[in-house]
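Residue-level structure breakdown
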Amino acid sequence: MNPSMPAADAILVGDGRIIEVGHEDKMQPWLDAHPHTVDRQFSEKVICPGFIDPHLHPTMAAVLLPMEFITAMRWKLPWGIVEPTTTAEQFDQRMVALHAQKEPDAPLFIWGYHQLWHGPMGKQRINNVSSERPMVVWHRSFHELYMNDAALKMTEINEQDIKPGAQVDFSNGHFYENGLGLAINRLNPWLLAPDKYAAGLQRLKQVVQHGGHTSIGDLATGLFDFESEANALASILDGDDVPFRTRLVAHGTAILKGSQSIEDGPALAMQLIERNSHRLKFGKHIKLFCDGAFFSQLSQLMEPGYIDGHQGEWLMPPEILEQNMRAYWHAGFQIHVHACGDLGIELTLDLLEKMQAEKPRFNHGFTIEHFGFSTPEQIKRIKALGAQVSANVYYLHELSDIYSREGIGYERASQMSRLASCFTNDINTALHSDFTMAPAEPLNSAWVAVNRINHAGEVMCAQECLTAQQALEAITINAAHVLGMAADTGSLRAGKYADFTILDEDPLTCDAMRIRDLRIHATVFEGKVFPLDS
Amino acid sequence: MKQRLIPITIISGYLGSGKTTFINRLLAADVLPSKVAVLVNDFGDINIDAKLIAQISDDGSVVSLTNGCVCCTLQDDLANTFERISSLAIDHVLLEASGVALPNKLRTQCHYPGYFPQHCAVTVDAENYHKKRQDKYVGNLVQQQVLQADTLIITKLDLAGSFELPDSHDPGRPNSTDLSPAKQYSVTDPQLIYHLLEPVKGLNYKPGSSSDMASFSSCTLEQHRPIDIQELSDLLATVPAQIERIKGFVDTPTGLQLIQKVGKRCSIVPADAAQNPGLVFIYPSQAANPAEVLQVNWKPWMTLRGNHLHSAHHPEQS
């Protein structure tokens, strides 16, 4: 990913950093001057810059990963591949099998149910698997869940507590949207108990390594509870056994306590930097929020909006977003704004334009996060304002088919993740998973970006396909720029950390449809090899 | 013993429309009855006279007042706050909503065990409302807030002189029609607080409906073969959970039946006039389309009408 040297056959490494990249015979001056060993273990492999996911959520992952997966899409996890379960019968068989494997008495949490594949879910259906063991079936979207009788008993949720309108169908054990708040509150002892959370973070560590990452971004530290999250991350994601570093980007409103005002935010965010350790680093970054989630169709869209006429949501009043943005912009921060729909992106760009008029800045790194649906005109504005894009391209794979029918119509659904346009306009553009929204597999994100094939097998807007080279940049050097780490990692050149992802084959020359299946042989973090045994 | 539910009065309204000023006015005038819990977004802009403060909790999130009321901050989410205050001796909640929340969604959130939404008032800034409702980003939101209110609290009349709601709100969205106008009070009206703590008559909101859903869709099955009543009743009991209402006529061996199902309540009674047999299933537009499931389960007796993927759209559940 160093355009001055797109390929090489040797890398010289010392003290965790790259000393020289190129050809072995040209390295002789270094070799003559210093004692060295020659390591040919990767001679049949392809050494890529270490992959970077610039936007995921370790805390959410820690809650999800201890659960069992039964999913319509394939999920590659370190402890095994979760093969697609696409019918109701298969779903029931999987539930029965998991119930049989699990130690008696322990509650069984299942994630990944979706009615389009798995048929109607309900309390009785789960009771048929077991009425003794507490079982909770979580919807893929995370916005609803079902419990069997034993789980209702375990959580002490009683029928007389449930009122009409609470979005709880007690007789069916179904909790959705607002009703989910009650269920989560009562399930928290099982979900967020310190030992459970720590076990979940251990699993996350494996997932990150198996995805081939050497750097990640936690793009909302403090999502649930700032201090407990920061402490758990510090104890589990730093240490010699951790093969990646994490950029911590604080949740802009979670760092304020009590009567602290928005204007206090930048100083508080600066204090966080004092907590930095070798692998975990806050920086002069902040995360802010604009419109609702793309997965739940709560993004704000410009006309003609959603087919059924419903409206998206603002996550904070535009005036408050502006107040936050102004505080951090004038303090010189790199601002990351969660913006999913084209109206959300429009507001974000309007505010950025206002900030540029108040105090012009260059290299400010302002990043639009998620970038679900945008317009071609906005691409030009992003370029003009000097912003960059970090996109969850998996939306296109999982949602474009259904959104074309039951959301926003074919034209706009096919043009989600308008990424080739970003590259054409020379906008720094990265891919992320927002894990657990998409698999934490950069090669999978790259595969979607290059092929733009949705889950139904249809190519959606071939004009926006990236080349393999662009996609690889989007999961390495461009992602490093998004996290403010490009001076240290993201490409292979003298002086950077020796962060590599070792593949069996070259993603730039293999059949594009195979990119997501390329085997990751090992990762190298600051010169230390971490083999993958899969 | 059946526990009494605690009523919640919601104070909604867009940012800057006067919610906090109104709450400060109530606290300063010391007019709140005893045992009211006031839930606010944060204490930053709340002024509580030091004379009124009896105690402050260790974490600073709960302030007990000498008149028997408490003020709490809404930390993270509403559900957590309800759990936190459930041990306090209170018999009414006054809830200050976030500026971007919609009343109908808030009402749903207030159906937490032990609580119910009694009244929703929306503050309207007399000076700026007409400009705000045309705003590119929040115009629709502020109009929806007004349309979903039980009571409108008109603020800043001293600056504006007078205030009138526009005759016709922008009907750009289907759910903005068909709602009765809310009663208007000036924020300075001394009767206002007593009105807000009372149940409302002639609500916009229909209790029992999941009215945070902006709109409803439907699909229709047409009958081609009579169905046994027991079988019919079993099928009606097991329709997908997102279906909120079923109505229509069904041909059975014992004659035509009128079917009406709302939530769990289902009635099957002989129809008194000839009708075309068939059932309409109504579900929130945001929920999954149940057509495919219905088509499979009801196949021996009924078939789906028309293109089920383009389901009919209902502006309001009727």
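Residues numbered from 1 in each chain as written. Chains lettered and ligands numbered in written order. Predicted model: local features only at pLDDT ≥ 70, side-chain atom pairs only at ≥ 80, totals over all residues.

Another point: the overall build of chain B. In terms of regular secondary structure, chain B is built from 9 helices and 16 strands. For chain B, with 318 residues in total, the buried portion stands at 41%. Long-range pairs, those at least 24 residues apart, make up 74% of the contacts in chain B between residues at least 6 apart in sequence. (Helix = DSSP H or I, 4+ residues; strand = E, 2+ residues; numbered from the N terminus. Buried ≥ 20, exposed ≤ 12 C-beta atoms within 10 Å, placed from the backbone. Contact = placed C-beta atoms within 7 Å.)

Turning our attention to the overall build of chain A. For chain A, the helix and strand inventory stands at 19 helices and 23 strands. Here the C-alpha atoms of chain A give a radius of gyration of 23 Å, agreeing with the 24 Å that 2.2 N^0.38 yields for 534 residues. Projected onto the principal axes, the alpha-carbon positions of chain A cover approximately 80 × 55 × 45 Å. Looking at the 534 residues of chain A, the share that counts as buried comes to 53%. Look at the contacts in chain A between residues 6 or more apart in sequence, and 71% of them connect residues 24 or more apart. (Rg over C-alpha atoms; globule rule 2.2 N^0.38 Å.)

For the rest of this paragraph, the subject is the sheet that holds strand E7 (residues 115-125) of chain B. All names here are of chain B. Strand order in the open sheet made by the 9 strands is E3-E4-E5-E2-E6-E1-E7-E8-E9, with mixed pairing throughout. Each edge of the open sheet carries a strand with a single partner, namely strand E3 (53-56) and strand E9 (183-186). Sheet twist, expressed as the mean angle between neighbouring strand axes with direction ignored, is 25°. (Pairing = 2+ DSSP bridges. Axes fitted to C-alpha atoms, helices over the stretch in contact; angles between N-to-C directions.)

All names here are of chain A. Reading across the sheet, the 5 strands line up as E16-E17-E18-E19-E20 and stay open at both edges, with parallel pairing between neighbours. The open sheet terminates on both sides in strands that have one partner only, identified here as strand E16 (285-289) and strand E20 (429-431). Strand-to-strand twist in this sheet, taken as the mean axis angle between neighbours without regard to direction, amounts to 20°. Pairing of strand E18 (residues 367-370) with strand E19 (residues 388-391), which is carried by 4 bridges, proceeds in the parallel orientation. Along E19, the bridge assignment pairs glutamate 369 with serine 390.

Let's shift gears to unusual backbone geometry. Among all residues except glycine, the phi angle is most often negative; among peptide bonds, the trans geometry is most common. Residue and element names in this part refer to chain A. A cis amide bond, omega 5°, links glutamate 303 with the succeeding residue proline 304. As for its position among the elements, proline 304 is in the loop between E16 and helix H11 (318-330). For the bond running from phenylalanine 435 to threonine 436, omega is 25°, close enough to zero to count as cis. Residue position: threonine 436 is located in the loop between E20 and helix H17 (442-451). Although it is not a glycine, glutamine 297 adopts a positive phi angle of roughly 55°.

Before going further, it helps to examine the pairing of strand E5 (residues 70-73) of chain B. All names here are of chain B. On E5, burial covers both faces: Val70 and Cys72 on one face and Cys71 and Thr73 on the other are all buried. For strand E2 (residues 36-40) and E5, the ladder comprises 4 bridges, and the chain directions are parallel. Residue valine 38 lies in a different strand from E5, and its bridge partner there is cysteine 71. Strand direction decides the pairing type here: strand E4 (residues 62-65) and E5, joined by 3 bridges, are antiparallel. Within E5, the residue paired with serine 64 across the bridge is valine 70. Connecting E4 to the next strand, E5, in antiparallel fashion are 4 residues, including glycine 68 with a positive phi near 90°.

Attention now goes to helix H9 (residues 226-236) of chain A. Residues and elements named next belong to chain A. Every buried residue of H9 is accounted for by Glu229, Leu233 and Ile236. Each buried residue of H9 sits inside an arc of 80° when the element is viewed along its axis, so together they form one side. Projecting away from the buried face of H9 at angles above 90 degrees are the exposed residues Glu227 and Ser235. Check the buried side of H9 and you find it contacts helix H2 (58-64), helix H8 (194-210), strand E13 (213-221) and strand E15 (280-282). (Arc of directions from axis to C-beta.)

For the rest of this paragraph, the subject is the domain arrangement of chain A. Residue and element names in this part refer to chain A. Taken domain by domain, chain A comprises domain 1 (64-191) and domain 2 (197-529). On a C-alpha basis, the centroid separation for the pair domain 1 and domain 2 is 29 Å. Between domain 1 and domain 2, the contact holds 10 residues from the first and 14 residues from the second. (Domains from an automatic or database assignment.)

The subject of this paragraph is the nonpolar core. The biggest cluster of nonpolar side chains holds 201 residues, and the ones touching the most others in it are Ile110(A), Val136(A), Val137(A), Ala446(A) and Ala449(A). With sequence-adjacent residues up to four places away left out, Ala446(A) is seen in contact with Leu431(A), Ala471(A), Leu472(A), Ala474(A), Ile475(A) and Ile515(A). In terms of nonpolar packing, the next biggest core, distinct from the first, is built from 18 residues, Val239(B), Ile259(B), Leu279(B) and Leu294(B) among them. (Core = buried A, V, L, I, M, F, W, Y, C linked by C-beta atoms within 7 Å.)

Where helix H7 (residues 179-191) of chain A contacts helix H2 (residues 78-85) of chain B, the two axes come as close as 9 Å, and the packing angle between them is 60°. When the axes of H7(A) and H2(B) are compared, the pair comes out oblique. Here H7(A) and H2(B) pass one another in a crossing that is right-handed. Contact with H7(A), carried on its side by Gly181(A), Leu182(A) and Asn185(A), involves Ala79(B), Asn80(B) and Glu83(B) of H2(B) and no other residues of that element. For the contact of H7(A) with H2(B), the per-class residue count stands at 2 nonpolar, 3 polar and 1 charged. (Parallel < 35°, antiparallel > 145°, perpendicular 65-115°, else oblique. Left-handed = near helix turned anticlockwise from the far one by under 90°. Nonpolar A, V, L, I, M, F, W, Y, C, P; charged D, E, K, R; others polar.)

Tracing the chain through its elements places Met316(A) in the loop between E16 and H11. Met316(A) gets classed as buried once you count the C-beta atoms within 10 Å, which come to 20. Separated by 26 residues in sequence, Met316(A) and Cys290(A) place their C-alpha atoms 6.5 Å apart. Setting aside chain neighbours within four positions, we find Met316(A) in contact with Phe289(A), Leu321(A) and Val100(B).

Residues and elements named next belong to chain B. Of all residues in chain B, 82% attain a pLDDT of 70 or more, and the chain-wide mean is 80. Here residues 170-179 scores under 50 on pLDDT; set against residues more than four positions off or in separate chains, the count is 25 contacts. Note on residues 202-214: pLDDT is under 50 here. Beyond four places in sequence and across chains, it has 36 contacts. ipTM for the predicted complex: 0.80, alongside a pTM of 0.81. (pLDDT = per-residue confidence, 0-100.)

Residue and element names in this part refer to chain B. Here lysine 35 lies in the loop between helix H1 (19-29) and E2. The exposure class assigned to lysine 35 is partly exposed, which follows from the 15 C-beta atoms found within 10 Å. Along the backbone, lysine 35 and histidine 224 are 189 residues apart, and their C-alpha atoms lie at a distance of 60 Å. Here lysine 35 is in contact with Gly68, Cys69, Ala89, Ile90, Asp91 and His92, once residues within four sequence places are set aside.

The next point concerns the environment of Leu256(B). All names here are of chain B. Structurally, the position occupied by leucine 256 is in strand E12 (residues 255-262). Along the backbone, leucine 256 and proline 270 are 14 residues apart, and their C-alpha atoms lie at a distance of 6.0 Å. Every residue in contact with leucine 256, bar those within four places of it in the chain, is listed here: Phe249, Asp251, Ala271, Gln275 and Pro277.

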